[in-house]
Amino acid sequence: MKLWHSLCVLLLLLLSACTQYDDEEHEKNLLLGMLAHGRYAALEQALLDTEQSYQQQALSTKDWQARWYALANVTAGGTEKRLNAWVKTESAQALLLRGMWWQVQAWRQLEDEPETGTEQKKQQAELERMTQLALADLQAAQKKLGKCALCITEQITANRALNKPLPESQALLEAALALDPLLSSAIYTYFVNLYPEWGGSFLQMREFINQMKTRGLDNSIVMGLESRYSWQQAKAAMASNEQAKALAWLERGVTSEPYDVLMKELAAVYTNLGEHDKAVQILEQNLKLNNPWDMRTIDLLARAYVKSGQREQAAQMMAKRSEVLQRYSEYR
């Protein structure tokens, strides 16, 4: 009986240990929980601790940025009300986050394709309205914080929405990098301004990548730019119905720092071609190199496993999907 009791206790301890997480998803979920429950003082301190860890190089740029953007992309109901309540405490972090959140809302409402010219005008007006709200918060946060590279980075996106001249965004990029040369989000955000759909060109994109190479940036940032460049080339090829060319560009974009969207689109192309094993390989790589808990990649990978006949792996991936939802709902 004593042996059985000891085994039960040991099993409970093991199960308890399995429910504990010590990864970046856990850190992001903790922050989301603080916001959801209105624990503003705790959230502010957590963000200050995050900043300190980043400045002391105990936290990577990628992970530091990801925590902020996880909060900015929250879709839970009542978020605006909670952010407004936090801003009332005169927190600079609250202003920055609300500005980032408004910016996400501004672009998110463009996801549905308008059916008429009138609807397009309404969307553009709403984009500009929300962007102005975001810009006011971002500039107020920058004034309070002084040196805030992320505040400046977000203003680059606002400039794009407001159709500001490119030199203004160039100046913002230089200002952000002067404060934080490792801030990849500033570089990637500016790079979007050079996409053909925003009035740029492939020549401008290539010249920018070459310029970044001469600055001695971390190679991961350059590889991230190369992946995005390949993705844009693939999009252009697809628009011209050059499927083989598009596939070649997508495959070329699988760098050491691949763009998440490119990886998913490449997997979709492989799936359409019936090359399910290749789709599996790309999606597994995306989980490894980007976010191991990305729901969309997990969904696609589960389906790819089924189509490639890997039923056991598919079941494991569906279990992980459930785990993602549970972690998110329980903020752990």
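Predicted, not measured: the structure shown is a model, and the values here were computed from it. (Residues numbered from 1 in each chain as written. Predicted model: local features only at pLDDT ≥ 70, side-chain atom pairs only at ≥ 80, totals over all residues. Heavy atoms only, no water.)

1. A closer look at the overall build of the protein chain
A tally of regular secondary structure across the protein chain gives 17 helices and zero strands. Viewed in the frame of its principal axes, the protein chain has a C-alpha envelope of about 80 × 55 × 45 Å. Across the 332 residues of the protein chain, 44% fall into the buried class. Accessible surface for the protein chain amounts to roughly 17600 Å². Of this, 53% is attributable to carbon and sulfur atoms. Between the mean site of the 36 positive side-chain charges and the mean site of the 40 negative ones, the protein chain shows a separation of 2 Å. (Helix = DSSP H or I, 4+ residues; strand = E, 2+ residues; numbered from the N terminus. Buried < 20%, exposed > 50% of the residue type's maximum accessible area, 1.4 Å probe, protein only. Areas by Shrake-Rupley, 256 points an atom, 1.4 Å probe, with all protein chains shown as cover. Lys, Arg positive; Asp, Glu negative; His and termini not counted. Charge placed at Lys NZ, Arg CZ, Asp CG, Glu CD.)

2. Quick word on the packing of helix 4 (residues 61-72) against helix 8 (residues 149-161)
When two helices pack together, their arrangement is given by the angle between the helix axes and by the axis-to-axis distance. One way to put it is that helix 4 packs onto helix 8 with a least axis distance of 13 Å and a crossing angle of 60 degrees. As summarised for this structure, helix 4 and helix 8 are arranged oblique, according to the angle between their axes. The two elements helix 4 and helix 8 meet at a crossing, and its hand is right-handed. For the pair helix 4 and helix 8, the contacting residues are Trp64, Trp68 and Tyr69 in the first and Leu150, Thr153 and Glu154 in the second. Classifying every residue of the contact of helix 4 with helix 8 gives four nonpolar, one polar and one charged. (Axes fitted to C-alpha atoms, helices over the stretch in contact; angles between N-to-C directions. Parallel < 35°, antiparallel > 145°, perpendicular 65-115°, else oblique. Left-handed = near helix turned anticlockwise from the far one by under 90°. Contact = heavy atoms within 4.5 Å. Nonpolar A, V, L, I, M, F, W, Y, C, P; charged D, E, K, R; others polar.)

3. Focus: the pattern of salt bridges
Opposite charge on two side chains allows them to pair when their charged atoms are near. Using the criterion set out here, one finds 16 salt bridges in the structure. Note that lysine 235 and glutamate 197 form a salt bridge whose closest N and O atoms lie 3.3 Å from each other. On the criterion of sequence distance, the pair formed by lysine 235 in helix 12 (residues 219-239) and glutamate 197 in the loop between helix 10 (184-192) and helix 11 (202-214) is long-range, its members being 38 residues apart. You can call lysine 235 partly exposed: its relative accessible area is 31%. The partner of lysine 213 in a salt bridge is glutamate 226, and the shortest N-O contact between them spans 3.5 Å. Taken together, the positions of lysine 213 in helix 11 and glutamate 226 in helix 12 put the pair 13 residues apart, joining distant regions of the chain. Beyond isolated ion pairs, a larger network of salt bridges with shared partners links Arg206, Lys213 and Glu226. (Salt bridge = Lys/Arg side-chain N within 4 Å of Asp/Glu carboxyl O.)

4. So, the environment of histidine 276
Assignment of secondary structure puts histidine 276 in helix 15 (residues 276-289). Along the backbone, histidine 276 and glutamine 93 are 183 residues apart, and their C-alpha atoms lie at a distance of 45 Å. If near-sequence neighbours (up to four positions away) are discounted, histidine 276 is found in contact with Tyr270, Thr271, Ala304, Lys307 and Ser308.

5. A few points about the state of the cysteines
Under the criterion given, the structure shown has one disulfide. A sulfur-sulfur distance of 2.1 Å marks the disulfide that ties cysteine 148 to cysteine 151. Where cysteine 148 bonds to cysteine 151 through sulfur, the torsion about that S-S bond is close to 80 degrees, and the disulfide is right-handed. In this structure cysteine 151 comes out as buried when scored by relative accessible area, which is 0%. (Disulfide = S-S within 2.5 Å.)

6. A look at the packing of aromatic side chains
Under the criterion given, the structure shown has 13 aromatic pairs. Relative to tryptophan 293, the ring of tyrosine 21 lies with its centre 6.3 Å away and its plane at 90 degrees, an arrangement referred to as edge-to-face. Of this pair, tyrosine 21 sits in the loop between helix 1 (2-18) and helix 2 (24-36) while tryptophan 293 sits in the loop between helix 15 and helix 16 (295-307), placing them 272 residues apart in sequence. Here tyrosine 21 matches tryptophan 293 in class, with each residue buried. Here a set of aromatic residues connected by ring pairs shows up, and it is made of Tyr190, Phe191, Tyr195, Phe208, Trp231 and Tyr259. In this arrangement the basic side chain of arginine 228 is found over the ring face of tyrosine 188, its NZ or CZ atom lying 3.8 Å from the centre. The residue whose ring lies beneath lysine 320 is tryptophan 293, and the NZ or CZ to ring-centre distance is 4.7 Å. (Phe/Tyr/Trp six-rings, centres within 6.5 Å; stacked < 30°, edge-to-face > 60°. Lys NZ or Arg CZ within 6 Å of the ring centre and 35° of its normal.)

7. What to know about the side chain of serine 91
Note on placement: serine 91 falls in the loop between helix 5 (79-87) and helix 6 (92-108). For serine 91, the side chain forms a polar contact with the main-chain nitrogen of alanine 94, separated by 3.0 Å. Ignoring sequence-local partners within four residues, the contact set of serine 91 consists of Glu44 and Trp86. (Polar contact = N/O pair within 3.5 Å; in protein donor to acceptor, adjacent residues only side chain to side chain.)

8. Considerations on the nonpolar core
Leu96, Ile187, Phe191 and Phe208 are the most contacted members of the largest nonpolar core, which has 89 residues in total. A total of nine residues in this core trace back to one element, the largest contributor, which is helix 6. In this structure, phenylalanine 191 is in contact with Met205, Phe208, Ile209, Leu225, Arg228 and Tyr229, ignoring residues within four places of it in sequence. (Core = buried A, V, L, I, M, F, W, Y, C linked by side-chain atoms within 4.5 Å.)

9. Here's the deal with the packing of helix 4 against helix 6
Relative to each other, helix 4 and helix 6 sit at 65 degrees, their axes nearing to 8 Å. Regarding helix 4 and helix 6, the two cross each other, and that crossing is right-handed. Here Trp68, Tyr69, Leu71 and Ala72 of helix 4 lie close against helix 6, whose contacting residues are Gln93, Leu96, Leu97, Met100, Trp101, Val104 and Gln105.

10. Details of helix 13 (residues 243-252)
Every buried residue of helix 13 is accounted for by Ala246, Leu247, Trp249 and Leu250. Projected onto a plane normal to the axis of helix 13, the buried residues spread over an arc of 165 degrees and lie on a single side. Those residues of helix 13 that are exposed and angled more than 90 degrees off the buried face are Ala244 and Arg252. Among the structural elements, helix 12 and helix 14 (260-272) are those in contact with the buried residues of helix 13. (Arc of directions from axis to C-beta.)

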